[in-house]
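The residues making up each chain are set out below.
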Amino acid sequence: MRMILSTWCSYEGNSGLEMDMLQDLESLQFEYGVPEEDRIWLYLQGRSRGLMIKACAHATFFCKLLYNLRASLNENQSSRHLSIGSLNSATPEEFKVGIIGGGHLGKQLAGTLLQLGPIPAESLRISTRRPETLGELQKLGIKCFYHNADLVSWANVIFLCCLPSQLPNICVEIHTSLEKTSIVYSFIAAIPLPRLKLLLNHTNILRPQYQYGEDSVSVWGANKGVVAALQDPTILQATCPYSPAGGIILNIKWLEGVFYAALNICTARNMAHSQVLQLLSELFLSVHFEDCGKDTASCPKFQLTDFVSKAYGKNLSQERPFPWFDLTDVQLKETPFSQHLSSSPVLQDHLTHLYCASFGISLTKEQPVISTGSPSQ
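Residues numbered from 1 in each chain as written. Predicted model: local features only at pLDDT ≥ 70, side-chain atom pairs only at ≥ 80, totals over all residues. Heavy atoms only, no water.

An unreviewed UniProt entry annotates the chain as NADP-dependent oxidoreductase domain-containing protein 1 originating from Pongo abelii.

Structure follows, in structure tokens:
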């Protein structure tokens, strides 16, 4: 079975045109040659494929949000410098993404970020033990090398796409190069957040968790690469954070972590929390049904107590920034945003519209948002 899955992985890298030409050849179909007694395991193909697509989609969405947030912060910073007559206004800070691991996941993620994300090739780098195997990505302008510490000291967001057995040594290499504001995004399911926090001596960590549901219908498109799949409206909607389609469910605590990560970025700029709430509402809650345009009062706006307790918020002056949040705690414990998110279908709908719109797909009133509630942690 391992050999069969490896064969599928090699097909995944082919272009959509080649797959279209070969899709009717029985001898090249995934199922061809699989003994009858092993066919019960074929559902793993769709599950593996769906997990790859969802993981790349959510990482790309995260980068899109951070890119837009940082662009807005840079714009505000430039305006502030101009308003006081400074001739030395700061150059807008570049959004830089690093990937540790050049295996199948690392390559698929890099391709997705480059083609569907806002990340230009010069702002994307990969550190891997075998950079010579990434010739196609290097031709696209992505720097590929083997120096994990250099990558981490350069990047704003670092994706861990390595094997669990490699992680302890990698953490030894990189933990002293991490800035407090560096965001580590781990795809290594076998390493829990508390362990990763300990290994890195770092709290700004995100780790999406996926579980398998009862829906066994595969919607993932057997002959499409990840980028092509995410341009298919049906597949893209199946990757929505609240969608159980395709039998793979995202633990929604990840979405909480995304928003607290955004708050940390603003805190690092010493931005007043009142301005942060206004900015996040404008950036992330501005995509909605047409009906909202007629009744804007029904559109949600972020409030201080959505993110901090009432007692803490009562003592926070308007000019003060948010506190620095431990993202590992956010993903492991109940937060004010947990309660707000689970109790507000309107907010869930707006965030789902934001997600789809970030990939160029608009939902209509006739396309209901599928919610799974709050998945177990």
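Next comes the rest of the account.
The next point concerns the overall build of the chain. Scanning the chain from N- to C-terminus turns up 17 helices and eight strands. Per-residue burial for the chain yields a buried fraction of 49% across its 377 residues. Carbon and sulfur atoms form 52% of the exposed surface of the chain, whose accessible area is close to 18300 Å². (Helix = DSSP H or I, 4+ residues; strand = E, 2+ residues; numbered from the N terminus. Buried < 20%, exposed > 50% of the residue type's maximum accessible area, 1.4 Å probe, protein only. Areas by Shrake-Rupley, 256 points an atom, 1.4 Å probe, with all protein chains shown as cover.)

Attention now moves to the pairing of strand β1 (residues 97–100). Burial along β1 is two-sided: Val97 and Ile99 facing one way and Gly98 and Ile100 facing the other are all buried. Bridge count between β1 and strand β2 (residues 124–127): four bridges; the pairing is parallel. Following the sheet pairing, Ile99 is matched in β2 by Ile126. Crossover connection from β1 via helix α4 (residues 104–116) to parallel β2: handedness right-handed. One ladder, built from four bridges, connects β1 with strand β4 (residues 157–160); its direction is parallel. Residue pairing in the sheet places Ile100 in a bridge with Leu160 of β4. (Pairing = 2+ DSSP bridges. Right-handed = clockwise from strand over helix to strand, strands pointing away.)

Let us look at the nonpolar core. If you look at the biggest cluster of nonpolar residues, it comprises 85 residues, and the most contacted ones within it are Phe62, Phe159 and Phe302. Broken down by element, this core gets its largest block of residues, 13 residues, from helix α3 (residues 43–83). If we skip the residues at most four places from it in the chain, Phe302 touches Phe259, Leu277, Leu280, Ser281, Phe284, Leu285, Phe307, Phe337 and Leu347. Of all hydrophobic cores here, the second largest spans 21 residues; its members include Ile100, Trp154, Ile174 and Ile188. (Core = buried A, V, L, I, M, F, W, Y, C linked by side-chain atoms within 4.5 Å. Contact = heavy atoms within 4.5 Å.)

The next thing to look at is the sheet that holds β2. Read from one edge to the other, the open sheet built from six strands follows the order β3-β2-β1-β4-β5-β6, with strand pairing classed as parallel. At either margin of the open sheet sits one strand with a lone partner, and together these are β3 (143–145) and β6 (205–206).

Time to look at the environment of Asp349. Along the chain, Asp349 turns up in helix α17 (residues 345–358). For the pair Asp349 and Leu285, spaced 64 residues apart in sequence, the C-alpha to C-alpha distance is 9.8 Å.

All right, on to unusual backbone geometry then. For residues besides glycine, phi is generally negative; the peptide bonds are generally trans as well. Phi at Asn201 is positive, roughly 50°, even though this residue is not glycine. Mapped onto the secondary structure, Asn201 falls in the loop between α8 (193–200) and β6. Within the chain, Asn270 stands out as a residue other than glycine whose phi angle is a positive 60°. Considering the arrangement of structural elements, one finds Asn270 in the loop between α11 (253–268) and α12 (273–284).

A word on the side chain of Ser177. With respect to the secondary-structure elements, Ser177 resides in the loop between α7 (167–174) and β5 (183–186). When residues no more than four places from it in sequence are discounted, the contact partners of Ser177 are Ala149, Val152 and Ser153.

Before going further, it helps to examine α7. Within α7, the full set of buried residues consists of Leu167, Ile170, Cys171 and Ile174. Taken end-on, α7 shows its buried residues confined to a sector of 100°, consistent with a single buried face. Away from its buried face, by an angle of more than 90 degrees, α7 presents the exposed residues Asn169 and Val172. Structurally, α7 contributes buried residues whose contacts are with β1, α6 (148–154), β4 and α8. (Arc of directions from axis to C-beta.)

All right, on to the pairing of β4 then. Covered by surrounding structure in β4 are Val157 and Phe159 together with Ile158 and Leu160, the residues of both alternating faces. Here β4 runs beside β5; their pairing, made up of four bridges, is parallel. Bridge pairing links Val157 to Ile183 in β5.

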